[in-house]
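# Architecture and fold: a report
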Amino acid sequence: MKQHFVITAFLIQLLVPFRLFARGIDEHINDVMVPLTAFMFKIIFFPISIGGISFPFILLWLIVAAVGFTVYMGFVNVRGFKHAIELVRGVYDAPDSQKGEVSHFQALTAALSATVGLGNIAGVAVAITLGGPGATFWMILGGLFGMSSKFVECTLGVKYRKINEDGSVSGGPMYYLSRGFAEKGFAGLGKILAFFFAVMCIGGSFGLGNMFQANQAFRQTVLVTGGEQSVFYQQGWIFGLIMAILVGMVIIGGIRSIVRVTTKLVPFMVAIYIAAALFIIFSHITELPRAFLVIVQGAFAPEALYGGVVGVLIQGLRRAAFSNEAGIGSSPIAHAAVKTDEPVTEGLVALLEPFLDTVVICTMTALVIIISGLYTEQGMDGIALTSKAFEQVIFWFPYILNVAVLLFAFSTMIAWSYYGLKAWTYIFGEGLSSDVSYKLLFCTFIIIGSAMNLQVVIDFSDAMIFAMSFPNIIGLYLLAPGVKRDLDTYFERLRQGEIGRYR
């Protein structure tokens, strides 16, 4: 209750000074963030040359790992899919004797609330705008291979988690990098990598998990409330302040409070969005073959406008990683809180995330945009393009989309606040002052993100979350043999009937 009061009072008091110089606040924020973001983006997305073609090394880093883990784990993304669904349904859940805080389903919805967000709505539109329809093909492929990366990292998240004295759980790359590397005799390197990951994770929570969500929710709200006539027009900070207060009221309760919200919000918001997308797709069922043909042709024979095959591939893989976060290292933080004594089971549950997020939801968004043909028009990007594509068939859908966008943004922010908090407390220690200081900063960045330019927000978000993958994937490579042994043993026990069904 004390945290609730402190955070709410702080955010409300921000109104007083802001009102004195409201005009131009959005511009001032952009002036500060543009050079900082450009500097970080240049460092993280340094290019390498392959056959004379420039390619961001970070994307190669992610996709090589995803393909490698898929082969090394015996295509766990395929053979573990059915069992993963059974685990989510609770078929193999033992009585509550296991350590942890949340169920398989709750852990999945908490992680999905972070991954299923505006990357699925605005991010797909950005990919198609910059890379053409062909980016969708590479986005789907990135999602399918990313399932294996997600399996490895989330298994490790549970295997090396820390159970605190009060029963709460701390987990994620910070812990499997430090503890796992110590087991291998590389304690010093593990601590360095864990610290670097934690710093980048905090930045990622402010970027992808916060500013991008607030920014696009604000843009859609302005769009449906009158555009230039909207009360929020060029006043992003006001919208951000309202969102910050609402988010602050939830995140004070920790993971249990977060999953109480996400278990209700995630299924509801996904159902709304998918229902609308399917309605449009089936309304244009005769155009589906053409849409898929455009996607495939664009993937391998794109127009020069989109930078050739490599340019399209880069946009598709970049947005796939941005959306499903496979290999980034964020999801293991949420999955670590699960009630289980079998780390492999949560890795299997986690591999469903990229499939639902990228292969299903992102593909539906892409099909709606491609069917509309609006991606060829100039002047529309992000959420505005997606909204207009839906509006062509359902004239009142922008209002429904606005509700979905707000729910997507809200759920993603509260989930990422947990990720960032765990990284923050790893560095600064557990305690009330550490907890409150992070949550105040997180809520403040919601206001900043609402006021920033979209491209600046995307570049900042990309720089932060992709930087997280450097130490994370190094850890996955070193610790993957242990995960493979655990996976093989688990499936053998399953075949022998040693793992009982409870439903």
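Because the structure is a prediction, the values reported are computed rather than measured.

## Details of the overall build of the protein
Scanning the protein from terminus to terminus reveals 22 helices and four strands. Among the 503 residues that make up the protein, the fraction classed as buried is 62%. Across the protein, contacts joining residues at least 24 apart in sequence account for 84% of those joining residues at least 6 apart. For the protein, the accessible area works out to roughly 19,200 Å², and carbon and sulfur atoms hold 66% of it.

## Focus: the pattern of salt bridges
According to the stated counting rule, one finds seven salt bridges in the structure shown. With a shortest N-O distance of 3.1 Å, Glu353 and Lys150 are connected by a salt bridge. Here Lys150 lies in helix H9 (residues 135-159) and Glu353 lies in helix H18 (residues 352-372), a separation of 203 residues in the sequence. Looking at Glu353, the relative accessible area reads 0%, which means it is buried. For Lys150, a relative accessible area of 0% gives the class buried.

## Focus on the confidence of the model for the protein
When pLDDT is low, close inspection of the predicted coordinates is not appropriate. Confidence in the prediction of the protein, expressed as mean pLDDT, is 78, and 75% of residues score 70 or more. Of the regions scoring below 50 in pLDDT, residues 14-23 engages in 10 contacts with residues more than four places distant in sequence or in other chains.

## Details of the packing of helix H10 (residues 173-183) against helix H11 (residues 187-224)
Contact geometry of H10 with H11 gives a least axis separation of 7 Å together with a crossing angle of 175°. Taken together, the axis directions place H10 and H11 in an arrangement best described as roughly antiparallel. On the side of H10, the interface is formed by Pro173, Met174, Leu177, Ser178, Phe181 and Ala182, while H11 contributes Ala187, Leu189, Gly190, Lys191, Leu193, Ala194, Phe197 and Ala198. Taken together, the residues that form the contact of H10 with H11 break down as 11 nonpolar, two polar and one charged.

## A look at empty space enclosed by the protein
A water-sized probe, rolled over the atoms, reveals where empty space remains. The tally for this structure, following the rule as stated, stands at two cavities of 30 Å³ or more. In this structure, the largest cavity occupies an estimated 140 Å³ of space. Along its surface, the largest cavity is lined by Leu59, Leu62, Ile63, Ala66, Gly142, Gly146, Ser149, Leu317, Ala320, Ala321, Asn324 and Ala326. When contributions to the lining of the largest cavity are tallied by element, the ones reaching two or more residues are helix H4 (57-72), H9 and helix H15 (308-324).

## Structural notes on the packing of aromatic side chains
Tallying each qualifying case throughout the model produces 16 aromatic pairs. Arranged with centres 6.1 Å apart and planes meeting at 85°, the rings of Trp61 and Tyr477 form a pair that is edge-to-face. With Trp61 in helix H4 and Tyr477 in helix H22 (residues 454-495), the pair connects residues that are 416 residues apart, well separated along the chain. With relative accessibility at 18%, the residue Trp61 sits in the buried group. Geometrically, the ring pair formed by Phe206 and Phe445 is stacked, given 4.3 Å between the ring centres and 5° between the ring planes. Linking Phe206 in helix H11 with Phe445 in helix H21 (residues 432-451), this pair joins segments that are 239 residues apart in sequence. Looking at Phe206, the relative accessible area reads 8%, which means it is buried. One aromatic cluster is present, built from ring pairs that chain together Phe206, Trp424, Phe428, Tyr438, Phe442 and Phe445. In this arrangement the basic side chain of Lys484 is found over the ring face of Tyr72, its NZ or CZ atom lying 5.6 Å from the centre.

## Focus: a nonpolar patch on the surface
Where nonpolar side chains cluster on the molecular surface, the patch consists of Val67, Val71, Phe75 and Val78 and spans about 360 Å² of accessible area. Looking at where Val78 falls in the secondary structure, it is placed in helix H5 (residues 76-79).

## A short note on the side chain of Ser331
Along the chain, the position of Ser331 falls in helix H16 (residues 331-335). A distance of 2.9 Å separates polar atoms of two side chains, one belonging to Ser331 and the other to Lys150.

## With respect to the environment of Leu130
Tracing the chain through its elements places Leu130 in helix H8 (residues 118-131). Residue class for Leu130 comes out partly exposed when judged on its relative accessible area of 41%. Considering only alpha carbons, one finds Leu130 and Val312, 182 residues apart in sequence, at a separation of 7.9 Å.

## Quick notes on unusual backbone geometry
Located in the positive-phi region is Phe75, a residue other than glycine, with phi close to 55°. Note that Phe75 resides in the loop between H4 and H5.

The rules behind the values
The numbering scheme is per chain: residues are counted from 1 as the chain's sequence reads. Totals for whole chains, interfaces and linings use every residue, but because this is a predicted model, local features are given only for residues with pLDDT of at least 70 and side-chain atom pairs only at 80 or more, for both listing and counting. Side-chain descriptors were evaluated using all non-hydrogen atoms of the structure, hydrogens and water having been removed beforehand. Numbering of helices and strands runs from the N terminus, with a helix taken as a DSSP run of H or I at least four residues long and a strand as a DSSP run of E at least two residues long. The buried label applies to any residue whose accessible area, calculated with a 1.4 Å probe on protein chains only, is under 20% of its type's maximum; exposed applies above 50%, and partly exposed to all values in between. The contact rule is simple, with two residues in contact once any of their heavy atoms fall within 4.5 Å. Residue burial considers only the protein chains on display, and all accessible areas are found by Shrake-Rupley using a 1.4 Å probe. Take a side-chain nitrogen of Lys or Arg and a carboxyl oxygen of Asp or Glu: if they are within 4 Å of each other, that pair is a salt bridge. Confidence of the prediction at every residue is given by pLDDT, a number between 0 and 100. To obtain an axis, a line is fitted to C-alpha atoms, over the contacting stretch when the element is a helix, and the angle between two such axes runs from 0 to 180 degrees between their N-to-C directions. Should an angle fall under 35 degrees it is taken as roughly parallel, and over 145 as roughly antiparallel, whereas 65 to 115 is taken as roughly perpendicular and any remaining angle as oblique. Each residue receives one of three labels: charged for Asp, Glu, Lys and Arg, nonpolar for Ala, Val, Leu, Ile, Met, Phe, Trp, Tyr, Cys and Pro, and polar for the others, Gly being one of them. Within this scheme a cavity is a closed region of a 1 Å grid, computed over the protein atoms alone, that accommodates a 1.4 Å probe without allowing it to escape, whereas a pocket is open but has protein on both sides within 12 Å along at least five of seven lines; lining residues each have an atom within 4 Å of a point. Grid points are joined across faces, edges and corners, and a volume is the space filled by probe spheres set on the points. Between the rings of Phe, Tyr and Trp (Trp by its six-membered ring), a pair exists once the centres lie within 6.5 Å; its type follows the angle of the planes, with under 30 degrees stacked, over 60 edge-to-face, and the other angles tilted. Distance and angle both matter: a charge sits over a ring if NZ of Lys or CZ of Arg is within 6 Å of the ring centre and within 35 degrees of the ring normal. Within this analysis, patches are made of residues with over 30% relative accessible area and no salt bridge. Like charges are joined at 9 Å or less; nonpolar side chains (Val, Leu, Ile, Met, Phe, Trp, Tyr) at 5 Å or less. By the criterion applied in these results, polar contacts are pairs of N or O atoms within 3.5 Å in which, for protein atoms, one can donate a hydrogen and the other can accept it, and in which residues neighboring in sequence qualify only through two side-chain atoms.

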